[in-house]
Amino acid sequence: MSLSRKIAFAATSLVILAAVPAVAGDAENGEKLFKRCAACHSVDAGVNKVGPSLAGAVGRDCGTVDGYKYGKGYQAACEKGFVSDEAFLTDYLKDPSAKLSEIAGSKQRSKMAFKLKKDEDVADMIEFLKTK
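Engineer: What should I look at first to understand the packing of aromatic side chains in this one?
Structural biologist: Pairs of aromatic rings are described using the distance from one ring centre to the other and the angle between the two planes. All chains considered together, the criterion is met by seven aromatic pairs. Ring geometry for Phe88 against Tyr92: centres 5.1 Å apart, planes inclined by 20 degrees, an arrangement best described as stacked. With a gap of four residues between them, Phe88 and Tyr92 both fall in helix H4 (residues 86-94), about one helical turn apart. The class for Phe88 is buried, based on a relative accessible area of 5%. Owing to a relative accessible area of 10%, Tyr92 belongs among the buried residues under this scheme. Taken together through their ring pairs, the aromatic side chains of Tyr68, Tyr70, Tyr74, Phe82, Phe88 and Tyr92 make up a single cluster.

What follows is the structure, given as structure tokens:
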């Protein structure tokens, strides 16, 4: 195989790999995991608890849950603007304060202290939230 074909093959492989999610989520397991979150969050629209309702959370613009008072760290990140897409949620669910700090460009603290450690759990939670 010529060098140019090897390079073309490698480039094509990278494009394919980049398009495939690292971990496919399982919404059913995500629903089980959500039981740990239910003390502070609801998946019912308009039902806020200590945390905002997570109904429609995937793809939502930052800070747009009616009737919920966001913490200072979240507000600082919202000033920069972001959407709660899968990429954001993947990082946020692993370390909420670190993600808000990254977006805000300064040290911020999230009101959410809970963290998911395993990539599989994060993917499962996101798949579950996509159903709400």
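Engineer: What's the story with the layout of surface pockets in this structure? I'm lost.
Structural biologist: By rolling a water-sized probe across the atoms, one finds the places where empty space is left. Put simply, the largest pocket is a space of about 570 Å³. Along its surface, the largest pocket is lined by 34 residues, and His41, Pro52, Leu54, Tyr92 and Met112 are the ones closest to its centre. Sorting the residues of the lining of the largest pocket by element identifies strand S1 (60-61), H4 and helix H6 (119-130) as the ones contributing at least two each. When residues of the lining of the largest pocket are assigned to their parent elements, the largest contribution, four residues, is made by H4. For the lining of the largest pocket, the class distribution of residues is 23 nonpolar, six polar and five charged.

Engineer: Would you take a moment to explain the side chain of His41 for this structure?
Structural biologist: Here His41 is to be found in the loop between helix H2 (27-34) and S1. Given the relative accessible area of 11%, His41 is considered buried. Contact partners of His41, with chain neighbours within four places excluded, come to Phe34, Lys49, Gly51, Pro52, Leu54 and Met112.

About the criteria used
Residues numbered from 1 in each chain as written. Predicted model: local features only at pLDDT ≥ 70, side-chain atom pairs only at ≥ 80, totals over all residues. Heavy atoms only, no water. Phe/Tyr/Trp six-rings, centres within 6.5 Å; stacked < 30°, edge-to-face > 60°. Helix = DSSP H or I, 4+ residues; strand = E, 2+ residues; numbered from the N terminus. Buried < 20%, exposed > 50% of the residue type's maximum accessible area, 1.4 Å probe, protein only. 1 Å grid on protein atoms, 1.4 Å probe; cavity = no way out; pocket = protein on both sides within 12 Å on 5 of 7 lines; lining within 4 Å. Points joined across faces, edges and corners; volume = space filled by probe spheres on them. Nonpolar A, V, L, I, M, F, W, Y, C, P; charged D, E, K, R; others polar. Contact = heavy atoms within 4.5 Å.

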